[in-house]
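The primary structure of each chain is shown beneath.
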Amino acid sequence: MSKTQFLTTILSTLIFFSTEIYAFQYEIIHYEAGTVDQTAFDFKTKSDRKVALFKGDDQVQASNEIKEFINGDWTTLNMADLNYQEIQSIDLGLSGELIIATADGLYKQVDGNTIPLLTNYNIDLVEVNPFDGAIYFVEEQALYRFDGPLSVTPMTENIGIDDIQFRSSSAFLIKSGADLYEYSNNVLEERYVPGGLKYWSMDPNNRMWIVTEDNQFLKENDFSNYWEIPIYSEHLIIEGTTAMDIDKDGNVWIANEDEYGRLMKWEPGSSNSLMISTELLFNDTEVFLIEKLISDEEGNLYMINNEKETLIELSYYNPVSSTNTLNEIKWNFGPNPVGDILNLNIEESFDSAQLNILDQTGRILNQMTVTGQSSQQLDVNDLKPGFYFLQIRNEEFLAIQKFIKL
């Protein structure tokens, strides 16, 4: 069993209805190749805290653990503090406290201490309302709000609950199989979904976006039973969708199980979109299935794949052009296009940075260390004709520009 972590940059050229190039940075933060005993099942991130629930696949007994990603490695929570109970679900509170649902009840973990909140409940799912921090949990087919050990309020009953999306401190939506329910004004009502609900996500304006079981892509209209097909979305590959999410900027992300294992990003209301094969997101260049997409408040995207037992953190930047849109340093190079020698001039002052030449897939072809206020001559004679990227980066900045090799 091996564990690898690496950082690289992807520059996708599979772009539809757009000539922009997007820069990606990703890191495999959990990888246990060739084993089945530690599969990422759920992942929560908030306020720089990253916590994952790993569910085992041991036929003899369940092997569940909660791990926190600290300083580039995973630290396992002490299961004795949870009475060695099977862990069913996790979520993070508004201040980053970890809420844990087990077969025995609810627990809270904060500052390294695990505190029992509620016992004698076999809890299947726990969700924290992001509007007020209230804790909701599901036991069998009943939903409760937890306000304290002596204050557990029944909210719904006799309904299977797969997931919850909150609209406000008092209103939320429930996914129950292919059905959608809305709780508002203390009333639970079923919502009409044409084609049946398969995947869903809430945008920053609290509107629902869904992929239906009959492969439609729909946006909620006026917070009602009216649904619309979003404009410019017809180029997305909806059939074969395996996961979806909407990030903090309202961008729609969809994973697909087609021959490329595509990850798609689309900016609603515009024609800006891209598709990237998952083989570019893994070091063995194999297409793999993304089974869950999770976005965080910092704009990062997390992908869970159970077959490779992989959890990938991906962050992306604004479109990169031939100007210094991304650049936080003063630098220039030429000639561009170039034949043999590229002259680089760095005007900014810094101690050290890595200089990379990347191809169109983000593969590093050449790298070296550079310092600020210096000049370099780069021999690019061995490069094939085409366009490439010159990247300078350290912990404080990222600078990318495009050049053409004649």
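Caption draft 1: Here's a closer look at the overall build of the protein. Assigned secondary structure in the protein consists of zero helices and 36 strands. Buried residues in the protein amount to 52% of all 406 residues. Restricting the contact set of the protein to residue pairs at least 6 apart, pairs at least 24 apart contribute 46%. Looking at the protein as shown, the accessible area adds up to about 18900 Å², and 42% of this sits on carbon and sulfur atoms.

Caption draft 2: Spotlight on the pattern of salt bridges. Scanning all chains against the criterion turns up 15 salt bridges. Notably, a salt bridge pairs glutamate 297 with lysine 46, separated by 3.5 Å at the nearest N-O pair. Placement of glutamate 297 in the loop between strand 27 (292-295) and strand 28 (301-305) and of lysine 46 in strand 3 (residues 39-46) is noted, with a sequence separation of 251 residues between them. For arginine 167, the salt bridge identified is with glutamate 182, shortest N-O distance 3.3 Å. Of the two residues, arginine 167 is situated in the loop between strand 15 (163-166) and strand 16 (172-176) and glutamate 182 in strand 17 (residues 179-184); the sequence distance between them amounts to 15 residues. Taken as a pair, arginine 167 and glutamate 182 share a single burial class, namely buried. One network of salt bridges, in which partners are shared, links Arg167, Glu182, Arg191 and Glu220.

Caption draft 3: The arrangement of the sheet that holds strand 8 (residues 98-102) in detail. The strand order 7-8-9-10 describes an open sheet built from four strands, whose pairing is antiparallel. Each edge of the open sheet carries a strand with a single partner, namely strand 7 (87-92) and strand 10 (113-119). Within this sheet the neighbouring strands show an average axis-to-axis angle of 20°, counted without direction.

Caption draft 4: Looking closely at the packing of aromatic side chains. This model, assessed by the stated rule, comprises 16 aromatic pairs. Measuring from ring centre to ring centre gives 4.6 Å for phenylalanine 43 and tyrosine 302, while their planes differ by 45°; the resulting arrangement is tilted. Separated by 259 residues along the polypeptide, phenylalanine 43 in strand 3 and tyrosine 302 in strand 28 bring together distant segments of the chain. Residue phenylalanine 43 shares its accessibility class with tyrosine 302, and that shared class is buried. Here a set of aromatic residues connected by ring pairs shows up, and it is made of Tyr136, Phe166, Phe172 and Tyr183.

Caption draft 5: Quick peek at the confidence of the model for the protein. Scored by pLDDT, the protein comes out at a mean of 82, with 83% of its residues at no less than 70. Counting interchain partners and residues more than four positions distant, the pLDDT-below-50 stretch residues 317-326 has 23 contacts.

Caption draft 6: Up close: the sheet that holds strand 34 (residues 374-379). Taking strand neighbours across the sheet as the criterion, the three strands line up as 30-31-34 in an open arrangement whose pairing is antiparallel. Each edge of the sheet is formed by a strand with only one pairing partner; in this case those strands are strand 30 (331-334) and strand 34. Direction aside, neighbouring strands of the sheet carry axes that sit 15° apart on average. Pairing of strand 30 with strand 31 (residues 341-346), which is carried by four bridges, proceeds in the antiparallel orientation. Directly across from tryptophan 331, in strand 31, lies its bridge partner isoleucine 346.

Caption draft 7: Representation of unusual backbone geometry within the structure. Cis peptide bonds are those with omega within 30 degrees of zero, and the linkage from glycine 334 to proline 335 qualifies with 0°. Mapped onto the secondary structure, proline 335 falls in the loop between strand 30 and strand 31. Positive phi, normally seen in glycine, also occurs at aspartate 111, with a value near 55°. Within the secondary structure layout, aspartate 111 lies in the loop between strand 9 (105-110) and strand 10. On the basis of relative accessible area, aspartate 111 is assigned to the exposed category, the value being 75%. Of note in this structure, glutamate 140 is not a glycine but carries a positive phi near 55°. Mapped onto the secondary structure, glutamate 140 falls in the loop between strand 12 (135-139) and strand 13 (142-148).

Caption draft 8: Focus on a negative patch on the surface. The grouping of Asp179, Glu190, Glu213 and Asp214 at the surface amounts to a negative patch. Considering the arrangement of structural elements, one finds glutamate 190 in strand 18 (residues 187-191). Glutamate 190 sits in the partly exposed class, given a relative accessible area of 49%.

Caption draft 9: Quick peek at the nonpolar core. Core analysis: the largest hydrophobic core is formed by 21 residues, its most contacted members being Trp331, Leu342, Leu390, Ile392 and Phe403. Sorting the residues of this core by element identifies strand 30, strand 31, strand 32 (353-358), strand 35 (386-393) and strand 36 (398-405) as the ones contributing at least two each. Apart from the residues within four sequence positions on either side, isoleucine 392 is in contact with Ile329, Trp331, Ile346, Ala353, Gln354, Leu355, Val370, Phe397, Leu398 and Ala399.

Caption draft 10: Expanded view of the environment of isoleucine 254. Inspection of the secondary structure puts isoleucine 254 in strand 24 (residues 252-256). In sequence terms isoleucine 254 and lysine 292 are 38 residues apart; their C-alpha atoms lie 9.7 Å from each other.

Caption draft 11: Seen up close, the environment of phenylalanine 217. Along the chain, phenylalanine 217 turns up in strand 21 (residues 217-221). A sequence separation of 13 residues divides phenylalanine 217 from proline 230, and the C-alpha atoms of the two residues are 7.7 Å apart.

Caption draft 12: Representation of the pairing of strand 11 (residues 125-128) within the structure. Alternating positions in strand 11 separate into two faces, Leu125 and Glu127 on one and Val126 and Val128 on the other, with burial throughout. Where strand 11 meets strand 12, four bridges bridge the pair, whose relative direction is antiparallel. Counted as the bridge partner of valine 128 is isoleucine 135 from strand 12. Turn length for the strand 11-strand 12 hairpin, with the two strands adjacent in sequence and antiparallel, is six residues, and the turn residue glycine 133 shows positive phi of about 80°.

Caption draft 13: Main features of the environment of serine 168. Here serine 168 is to be found in the loop between strand 15 and strand 16. The spatial distance from the C-alpha of serine 168 to the C-alpha of serine 184 is 9.4 Å, given a sequence separation of 16 residues. Those residues in contact with serine 168 that sit more than four places away from it in its chain are Asn129 and Phe131.

Reading the values: the criteria
Residues numbered from 1 in each chain as written. Predicted model: local features only at pLDDT ≥ 70, side-chain atom pairs only at ≥ 80, totals over all residues. Heavy atoms only, no water. Helix = DSSP H or I, 4+ residues; strand = E, 2+ residues; numbered from the N terminus. Buried < 20%, exposed > 50% of the residue type's maximum accessible area, 1.4 Å probe, protein only. Contact = heavy atoms within 4.5 Å. Areas by Shrake-Rupley, 256 points an atom, 1.4 Å probe, with all protein chains shown as cover. Salt bridge = Lys/Arg side-chain N within 4 Å of Asp/Glu carboxyl O. Pairing = 2+ DSSP bridges. Axes fitted to C-alpha atoms, helices over the stretch in contact; angles between N-to-C directions. Phe/Tyr/Trp six-rings, centres within 6.5 Å; stacked < 30°, edge-to-face > 60°. pLDDT = per-residue confidence, 0-100. Patch = residues over 30% accessible without salt bridge, like charges linked within 9 Å, V, L, I, M, F, W, Y side chains within 5 Å. Lys, Arg positive; Asp, Glu negative; His and termini not counted. Charge placed at Lys NZ, Arg CZ, Asp CG, Glu CD. Core = buried A, V, L, I, M, F, W, Y, C linked by side-chain atoms within 4.5 Å.

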